[in-house]
Amino acid sequence: MNKEIKIKKHEVAHHFDNSEQEFNSAKLGMWAFLGQEILFFSGLFVAYIIFRMMHPEMFIYASKHLDWKMGALNTVILILSSFTMVMAVRSAQVNKLKQCVNYLIATFSFAGMFMVVKGFEYASKISHGYLPAKFFNAESAHESLHIFFGIYFTMTGLHGLHVLVGMGLIIWLIIKAKKGHFYEDYYTPLEMVGLYWHLVDLIWIFLFPLLYLIG
Amino acid sequence: MSKDNNHGHHFIVPVKFYVGTLIALLILTVITVAAAQIDLGAAANNVLAMLIASVKAGLVICFFMGMFWDKGFNRIILFSTLAFFGIFITFCVLDIGFRGDTYKYEKGKYNLKQVVTPLKENKYHD
Amino acid sequence: MGHLENINFFKAAKGFKSWLITVDHKRIGIMYLLFIVAAFTLGGLAAGIMRIELLSPDKVLLTAKQYNQFFTLHGAIMVFLFIIPSIPAALGNFFLPLQIGAKDVAFPKLNLASLYIYVFGALFCVYSMWHGAVDTGWTFYTPYSTTTDTSVISMTLGAFILGFSSILTGMNFIVTVHKMRAPGMTWFRMPLFVWSLYATSILQVLATPVLAITLLLLIVEKTMGIGIFDPAIGGDPVLFQHFFWFYSHPAVYIMILPAMGIMSELFTTFTKKNIFGYKAIAYSSIAIALVSFLVWGHHMFLSGQSDLASTIFSALTFIVAIPSAIKVFNWISTMYKGSIDLKTPFLYGLSFLFLFSVGGFTGIVLGTLSLDVHMHDTYYVVAHFHYVMMGGTVMGFLGGLHYWWPKMFGKMYNEFWAKIACALIFVGFNMVFFTQFILGSKGMPRRYYSYLDQFQPLHQFSTSGTWVMGLGFIIVFIYLINSLFRKEEVSNSPWGGITLEWQTTSPPPVYNFIETPIVDNDPYDFEKVKI
């Protein structure tokens, strides 16, 4: 891995006139995809808001069962991973291919750390029996407490799933970047996965105060 | 057909924007956590938390996602998804927040015990 | 790629495998067409069997539970597997790039992927029929769907997957329209079918993810119990209806908008006249798409939704009538002083005009809060939405299929039989569903296995209509297949249409045009363009 990575030139697909059109098409498509991701998560946020409206005290009570320190740690981890992601894209833009690979590996490691912290949190919830209704098994001052944990597990679960998908995509990027596919004239997949990754970060930015920091 | 492999003049964002965003995001995270420890009343705390989260989201969108330098239509997509999210939540709240208002003053007026009589036997034809 | 340029896309590659791995939007469109026709046949058979059951208030063929399973099957298949992909995925895939002068859609591989996702989702739906067919109705309302032991999970998972196919197609079309237009093809030189597909794609991308999350939440609710939909664990079943209709009302416009686009094509080509009010029709497509997000609560007037919400939804519902009426008036005005040519596609166009108007007007009746209290969940509703979905979308689909058939396959069908079939379908359709308006206004509730004796003559008349319609569809099927074996080839533009797809060969070459077309006129300028 000490030798420099050699650039592999990219060919524009047959139905595009030039790489400018190709890049802009991909980016527009990606934003449309992000739009649908936002609306996909919007269902969860609507459910959250409605049930918080119906059971305000239960939500405050329930939120105390979550460890805000873990949440804050994960927020910081994801923000750092977003930063390394943009730096990976930028490295490709300025033809620093090796640096690009390193930034991608850093992003992947941060994502892994996020999942590990998440795993510890889940383990503690499960061991206390704070679970969705069918498995809920804990003492509670509020009889609707299972709803909070139902929503908590669905929201963080789906977000976690997106993180896992993102990790898969980053591995794919690392492989391609090592082969020298990304350079100043072609970095479309990097940019697209980057956008996706920032969206995952974005959702967590809202999940953190909504779930961990109530009352 | 011409196949020029140039991206034209792509704007390469200076590193200072990225580092600046990172620092701002980290500081805002600390502020969010700190603000949650102070009791301003439930409503004010919520508004503050959401305000900070929105600023953070704005930073990520503008600089990390490059919307600040981006094409107009990508912005339209983003704002319209947010608008539709707004519509979604508004109408749901219009329903769930206002149920049962109409008959509020008529409680006890009709005094219906049982509106529907359940069928005694299964009237299916099978 | 030189030698590929003038070979038609059927002959460019041979063998079954060349179809499985193709990225040609035309081949993908034709494969969609096959699946869609299969789905339509399956859903149609289910409907036919239901109607036979309703010949008598007593048991004819099915038990009550089987009857429930059949109407669920009919609804789910027709909505998710047929109507939603019908025009955009089959005809749209084929003609969107042709009409804007592109070589292909923006993401050809994604296009193929969405076909495979569609098939994968369809397999789930088929599996759920085998394995304890769902009996909830295609709407999967809670709490029944969370308590029934039929295969709700596999059916909803199927619909969830089909949703992604729809989203990817929508994304692909949006980008194609934005980025792939031929030189000179400005936004207001695009054919109106493209405008309607564009509006549809917006809906697909913005609304379908909410269906995805709704169905996913339903699955999680059923397996783990989140407590947001199931009232037994503190959930709100009406919230499910909000979630569901936030998608499914715009979905109604995903169904009808592309058919409206086809109408604009038919009304110009078969009157040889420039469209009346091009911009009004183009903008009204977008307006319909946007307003459709504001009216979903009119499905829930009797669900226990707050009266405030119901009132607002009712008022907003009337607004949708405006852009729809703009379109109808513009089509009628287009015919004025045109040289009208009553070929089969245009007959379907005229059928659309009548049936869609009836469907639209009865929609106003149902959107009126006070009337809906009486009409809700009666056959009146069933008749209304069949007039829009079948009288609108299916007529539009058939019109488009007949209009573009010679372009897709290079062969012309038998005009005489096509007219007969069109008449049978039109008459049969009205026999089935106009009767149901009467039944509904007399109080016959929908989704009932049995009924009062006094309704029997009307039910029997309605059922007899399905046979007339069925005969019509069989004839269509026969002469379309037969046309493929004909010897004579058709010209580039058998109807005298002038939009770009008529300026290339029938069937088109692999990359659609031998030379990239350069556009310098309005799409329907019959004065200027002669073919």
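If you're wondering where the values come from, they're calculated on a predicted model, not measured in any experiment.

Let us now look at the overall build of chain A. Of regular secondary structure, chain A possesses six helices and zero strands. Walking chain A from its N terminus toward its C terminus, one meets helices and strands in the order α-α-α-α-α-α. Each principal axis of the C-alpha distribution contributes one length, and for chain A these read about 65 × 40 × 25 Å. In chain A, buried positions account for 54% of the 215 residues. Long-range contacts, defined here as pairs at least 24 residues apart, represent 77% of the contacts in chain A between residues at least 6 apart.

Of regular secondary structure, chain B possesses three helices and zero strands. Walking chain B from its N terminus toward its C terminus, one meets helices and strands in the order α-α-α. Looking at the 126 residues of chain B, the share that counts as buried comes to 21%.

Residue and element names in this part refer to chain C. Between its first and last C-alpha atoms helix H7 (residues 192–223) spans 46 Å; for 32 residues at 1.5 Å apiece the expected length is 46 Å, and the two agree. Burial within H7 is extensive, with 28 of its 32 residues counted as buried. At the C-terminal side of H7, Gly-225 shows a positive phi close to 75°.

Moving on, we come to the domain arrangement of chain B. Taken domain by domain, chain B consists of domain 1 (12–70) and domain 2 (71–102). Each of domain 1 of chain B and domain 2 of chain B was reduced to a C-alpha centroid, and the two centroids are 23 Å apart.

Let's shift gears to helix H10 (residues 307–335) of chain C. Its 29 residues give H10(C) an end-to-end C-alpha distance of 44 Å, which sits within 8% of 42 Å, the value for a rise of 1.5 Å per residue. Of the residues making up H10(C), those classed as buried are C:Ala309, C:Ser310, C:Phe313, C:Ser314, C:Thr317, C:Val320, C:Pro323, C:Ser324, C:Lys327, C:Asn330, C:Trp331 and C:Thr334. Taken together, the buried residues of H10(C) touch helix H3 (72–96) of chain B together with helix H8 (237–269), helix H9 (278–291), helix H11 (344–367) and helix H12 (369–375) of chain C. C:Lys337 lies just past H10(C) and shows a positive phi near 65°.

On to the packing of helix H4 (residues 108–130) of chain C against helix H6 (residues 152–179) of chain C. Residues and elements named next belong to chain C. Where H4 meets H6, the axes come as close as 8 Å, and the angle between the chain directions of the two elements is 165°. In terms of their interaxial angle, H4 and H6 are classed as roughly antiparallel. Between H4 and H6 lies a crossing whose hand is left-handed. For the contact of H4 with H6, the per-class residue count stands at 15 nonpolar, nine polar and no charged.

The next subject is the interface of chain C and chain B. Taken together, the 22 residues of chain C in the interface contact 17 residues of chain B. Classifying every residue of the side of chain C that touches chain B by side-chain character gives eleven nonpolar, seven polar and four charged.

Residues and elements named next belong to chain C. As a packed pair, helix H2 (residues 25–53) and H4 sit with axes 10 Å apart at the nearest point and diverge in direction by 10°. Judged on the interaxial angle alone, H4 and H2 are roughly parallel. In the packing of H2 onto H4, the handedness of the crossing is left-handed. Note on element contacts: H4 touches H2 through Pro-108, Asn-111, Leu-112, Leu-115, Tyr-118, Val-119 and Ala-122, opposite His-25, Ile-28, Met-31, Tyr-32 and Phe-35. Each residue belonging to the contact of H2 with H4 can be placed in one class, and the counts come to ten nonpolar, two polar and no charged.

Counting residues in hydrophobic clusters, the biggest one holds 273 residues, and the most contacted among them are A:Ile151 and C:Ile77. When residues of this core are assigned to domains, at least three fall in each of domain 1 (12–70) and domain 2 (71–102) of chain B. When sequence neighbours within four positions are dropped, the list of residues in contact with C:Ile77 reads C:Ala39, C:Leu42, C:Gly43, C:Ala46, C:Phe82 and C:Cys125.

So, on to the environment of C:Pro97. All names here are of chain C. One can find Pro-97 in helix H3 (residues 64–99). Its 34 C-beta neighbours within 10 Å are what place Pro-97 among the buried residues. Linking Pro-97 and Ile-21, residues 76 residues apart in sequence, is a C-alpha distance of 19 Å. Those residues in contact with Pro-97, other than ones at most four positions away along the chain, are His-25, Ala-102, Lys-103, Asp-104, Val-105, Thr-176, Met-180 and Asn-512.

Turning our attention to unusual backbone geometry. The phi torsion of most residues other than glycine is negative, and most of the peptide bonds are trans. Here the residue pair C:Thr142 and C:Pro143 is connected by a cis peptide bond, since its omega of 0° sits within 30 degrees of zero. Residue placement: C:Pro143 occurs in the loop between H4 and helix H5 (144–147). Its identity is not glycine, yet A:Asn95 carries a phi of approximately 65°, on the positive side. Relative to the elements of secondary structure, A:Asn95 occurs in the loop between helix H3 (68–93) and helix H4 (97–128). The backbone of C:Asp377 sits at a positive phi, close to 55°, despite the residue not being glycine. Within the secondary structure, C:Asp377 is located in the loop between H12 and helix H13 (379–409).

With that out of the way, let us pick up the environment of C:Pro231. All names here are of chain C. Topologically, Pro-231 is positioned in the loop between H7 and H8. We classify Pro-231 as partly exposed; it has 13 C-beta atoms within 10 Å. Here the alpha-carbon distance between Pro-231 and Leu-197, two residues 34 residues apart in the chain, equals 39 Å. With near-sequence residues (within four places) excluded, Pro-231 lies in contact with Pro-143 and Pro-237.

The next thing to look at is the interface of chain A and chain B. Contact with chain A, which involves 42 residues of that partner, is made by 38 residues of chain B. Secondary structure elements with two or more residues in the side of chain A that touches chain B: helix H1 (19–54), H3 and helix H6 (188–212) of chain A. A per-element tally of the side of chain A that touches chain B places H1(A) first, with 15 residues.

For the rest of this paragraph, the subject is the confidence of the model for chain B. On average, residues of chain B score 78 in pLDDT, and 71% of them reach the 70 mark or higher. For this predicted complex, the interface score ipTM comes out at 0.93, while the overall pTM is 0.92.

Residue and element names in this part refer to chain C. For Phe-437, the position within the fold is in helix H14 (residues 415–441). With 21 C-beta atoms counted inside 10 Å, the residue Phe-437 sits in the buried group. Separated by 59 residues in sequence, Phe-437 and Thr-378 have C-alpha atoms that sit 8.9 Å apart. Sequence-distant contacts of Phe-437, defined by excluding residues within four places in its chain, comprise Thr-362, Tyr-380 and Ala-383.

What counts and what doesn't
- Residues numbered from 1 in each chain as written.
- Chains lettered and ligands numbered in written order.
- Predicted model: local features only at pLDDT ≥ 70, side-chain atom pairs only at ≥ 80, totals over all residues.
- Helix = DSSP H or I, 4+ residues; strand = E, 2+ residues; numbered from the N terminus.
- Buried ≥ 20, exposed ≤ 12 C-beta atoms within 10 Å, placed from the backbone.
- Contact = placed C-beta atoms within 7 Å.
- Expected span 1.5 Å × (residues − 1).
- Domains from an automatic or database assignment.
- Axes fitted to C-alpha atoms, helices over the stretch in contact; angles between N-to-C directions.
- Parallel < 35°, antiparallel > 145°, perpendicular 65-115°, else oblique.
- Left-handed = near helix turned anticlockwise from the far one by under 90°.
- Nonpolar A, V, L, I, M, F, W, Y, C, P; charged D, E, K, R; others polar.
- Core = buried A, V, L, I, M, F, W, Y, C linked by C-beta atoms within 7 Å.
- pLDDT = per-residue confidence, 0-100.

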